[in-house]
Amino acid sequence: MNTQLKRKDLFSYGLMALPLAFAGLPIYLHAPDFYAGTLGQSLTSLGLLLLALRAVDAVQDPLIGSLSDRYHQHRALILVLGVMMLGGGFWMLFHPHLSAPLTWFAMAVFICTTGFSIVSINLQTLGGIWQVSEHQRTRITSWREALGLLGLLTAAMGPALLGANSDASTAFHRLTIAYLPLLAVATWALLAWMKTAPLTRPQEAFKPSGETRGSWRALISNPWRRRFFALFALNTLASAIPAVLVLFFIRDRLGAAEYSGLFLLVYFLFGALAMPLWQWLSKRVGKIQAWAVSMALSIITFLWAVFLQDGQVEAYALVCAFSGLALGADLALPPSILADHIAAEKSEAEAGRMFSLMTLLSKASLALATGLALPLLGLAGYQPGITMTAELNLTLSLSYAALPCILKTITMVWLLSQANHIAQPTSLKA
């Protein structure tokens, strides 16, 4: 497949990633604060509800992938259903029923996150079955993930801009008014693209039982997939630990809480700007080698972060920039590698479930990082906001930066040792 991809098609396909990424911060960051601060709800109750809803959200992803594969001929309708749930749940979340705010919160988050998963999994699947060359698959994922990072940046700035000189209820009402048209435009662009896009159709119907190609047992029995998903999970866990601890590190280790927003802006901005770099490098040296280079960059960067001291704002901004560059590869290359495998194995009938498995592993890694890192720090005597001793500073630095370096190093060595197998999925058919 040598057809040159047009930027118009890449934009039409990838635009949906912007409202998808945009929704995440308001759901998990702003909404709990709104319900606690404005509506007077218990933070403990909100936290437990979010924890339970995150568990449900993660567990239902494989089911969404399976159903999307089974009814792939109705993928446009599935996407519309997901968009309606995402938009409706988002509206509900910031227009609460005041007589039962906690129940309303739980319903709104469930509807919103279910719609998010439906759209996200099917969007990734469409990118995976787009008939293009191997290198062009990296362009597809790069465009999609870059637009997603722009969505994150927009969400980070949106409430503050829209809420100037107004109360929280008004600010979030304006946020939903701005969000819904954006979601509608992205949906229209995606559906229009789907009408003409060269998508590979599954060669066989989905078969839900037995040892058929459509079974989950057959899906994970493939040696290539076991290697790939294990590497992806370990790499994602290494990235999730600093994501969980970043605000604690900025505030209590660097004493730079007022710069938190700026640091995150640098991180996500450099992640978006790095996409052309990883496209170029993956074409020159291969996707596996380019992914390994990004891991090496991340390791060097976080080793430096271990030794940062209180007040080293400029140095940490560079850490954010270089780790943001590595983030670009983590977002763009693994989905592109998986899409190569799907094309080589002609396993389009399983594409939705394979991408849903990636989504599940990402969520599970974040949950595992939270469940491991925070209790371990607590056992060491660290509590957010306390006066830091030399021992606590070292513990926080090792947890935030050194532990991810160890995991990344193991992942990189393992990836390079398996490079021939991972890069040539056709040689490892199940």
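Scroll up to find the structure this text is about.
Small disclaimer: the values here were computed from a predicted structure and weren't measured.

## Thoughts on the overall build of the protein chain
At step 1: When you go through the protein chain residue by residue, the secondary structure sums to 16 helices and zero strands.
At step 2: By the compact-globule yardstick of 22 Å for 430 residues, the protein chain fits well, its C-alpha radius of gyration being 21 Å.
At step 3: Overall, the protein chain is about 60 × 50 × 40 Å in size when its C-alpha atoms are taken along their principal axes.
At step 4: When each of the 430 residues of the protein chain is scored for burial, the buried share is 53%.
At step 5: Contacts in the protein chain between residues far apart in sequence, at least 24 positions, make up 83% of those at least 6 positions apart.

## Observations concerning the pattern of salt bridges
At step 1: Enumeration over the complete set of coordinates arrives at ten salt bridges.
At step 2: Between D252 and R251 there is a salt bridge, with its nearest N and O atoms 3.3 Å apart.
At step 3: Under the relative-accessibility criterion, R251 is labelled partly exposed at 36%.
At step 4: Shared partners join several salt bridges into a network, and the residues in it are D69, R225, E350 and R353.

## As for a nonpolar patch on the surface
At step 1: A cluster of nonpolar residues, Y259, L262, L265, L269, F270 and L273, forms a patch on the protein surface that exposes about 510 Å² of accessible area.
At step 2: With a relative accessible area of 56%, L273 lands in the exposed category.

## Brief notes about helix α5 (residues 101-128)
At step 1: Taking 1.5 Å per residue as the helical rise, α5 with its 28 residues ought to reach 40 Å, and the 40 Å between its terminal C-alpha atoms agrees with that figure.
At step 2: For α5, the tally of buried residues reaches 21 of 28 residues, placing the bulk of the element in the interior.

## A few points about the packing of helix α12 (residues 287-306) against helix α13 (residues 313-345)
At step 1: For the pair α12 and α13, interaxial distance at closest approach is 9 Å and the crossing angle is 155 degrees. If you check the angle between α12 and α13, you find them roughly antiparallel. Where α12 crosses over α13, the two elements pack in a sense that is left-handed.
At step 2: Residue composition of the contact of α12 with α13, by class: 17 nonpolar, five polar and three charged.

## Thoughts on the packing of aromatic side chains
At step 1: Under the criterion given, the structure shown has 19 aromatic pairs.
At step 2: Aromatic side chains F248 and Y382 sit 6.3 Å apart centroid to centroid with 75 degrees between the ring planes, which places their arrangement in the edge-to-face category. One end of the pair, F248, is in helix α9 (residues 223-253); the other, Y382, is in the loop between α14 (351-379) and α15 (390-417), with 134 residues separating them in the sequence.
At step 3: When its relative accessible area of 5% is taken as the criterion, Y382 is described as buried.
At step 4: With a centroid separation of 6.5 Å and 50 degrees between ring planes, the pair formed by Y316 and Y400 is classed as tilted. One end of the pair, Y316, is in helix α13; the other, Y400, is in helix α15, and 84 residues separate them in sequence. This pair shows no difference in class: Y316 is buried, exactly as Y400 is.
At step 5: A network of ring pairs unites the aromatic residues F249, Y259, F263, F302, Y316 and Y400 as a single cluster.

## Regarding the packing of helix α11 (residues 275-285) against α13
At step 1: Contact pair α11 / α13: the axes reach a minimum separation of 8 Å and the direction vectors enclose 65 degrees. As for how α11 packs across α13, the hand of that crossing is right-handed. Where α11 approaches α13, its residues M275, W278 and S282 are matched on the opposing element by L325, A326, G328, A329, L331, A332 and L333.

## Thoughts on unusual backbone geometry
At step 1: The backbone of K346 sits at a positive phi, close to 50 degrees, despite the residue not being glycine.
At step 2: With respect to the helices and strands, K346 occurs in the loop between α13 and α14.

## Considerations on the environment of A171
At step 1: Relative to the helices and strands, A171 resides in helix α7 (residues 168-196).
At step 2: A171 sits in the buried class, given a relative accessible area of 8%.
At step 3: Sequence separation of A171 and S99 is 72 residues, and the distance between their C-alpha atoms is 21 Å.

Analysis parameters
- Residues numbered from 1 in each chain as written.
- Predicted model: local features only at pLDDT ≥ 70, side-chain atom pairs only at ≥ 80, totals over all residues.
- Heavy atoms only, no water.
- Helix = DSSP H or I, 4+ residues; strand = E, 2+ residues; numbered from the N terminus.
- Rg over C-alpha atoms; globule rule 2.2 N^0.38 Å.
- Buried < 20%, exposed > 50% of the residue type's maximum accessible area, 1.4 Å probe, protein only.
- Contact = heavy atoms within 4.5 Å.
- Salt bridge = Lys/Arg side-chain N within 4 Å of Asp/Glu carboxyl O.
- Patch = residues over 30% accessible without salt bridge, like charges linked within 9 Å, V, L, I, M, F, W, Y side chains within 5 Å.
- Areas by Shrake-Rupley, 256 points an atom, 1.4 Å probe, with all protein chains shown as cover.
- Expected span 1.5 Å × (residues − 1).
- Axes fitted to C-alpha atoms, helices over the stretch in contact; angles between N-to-C directions.
- Parallel < 35°, antiparallel > 145°, perpendicular 65-115°, else oblique.
- Left-handed = near helix turned anticlockwise from the far one by under 90°.
- Nonpolar A, V, L, I, M, F, W, Y, C, P; charged D, E, K, R; others polar.
- Phe/Tyr/Trp six-rings, centres within 6.5 Å; stacked < 30°, edge-to-face > 60°.

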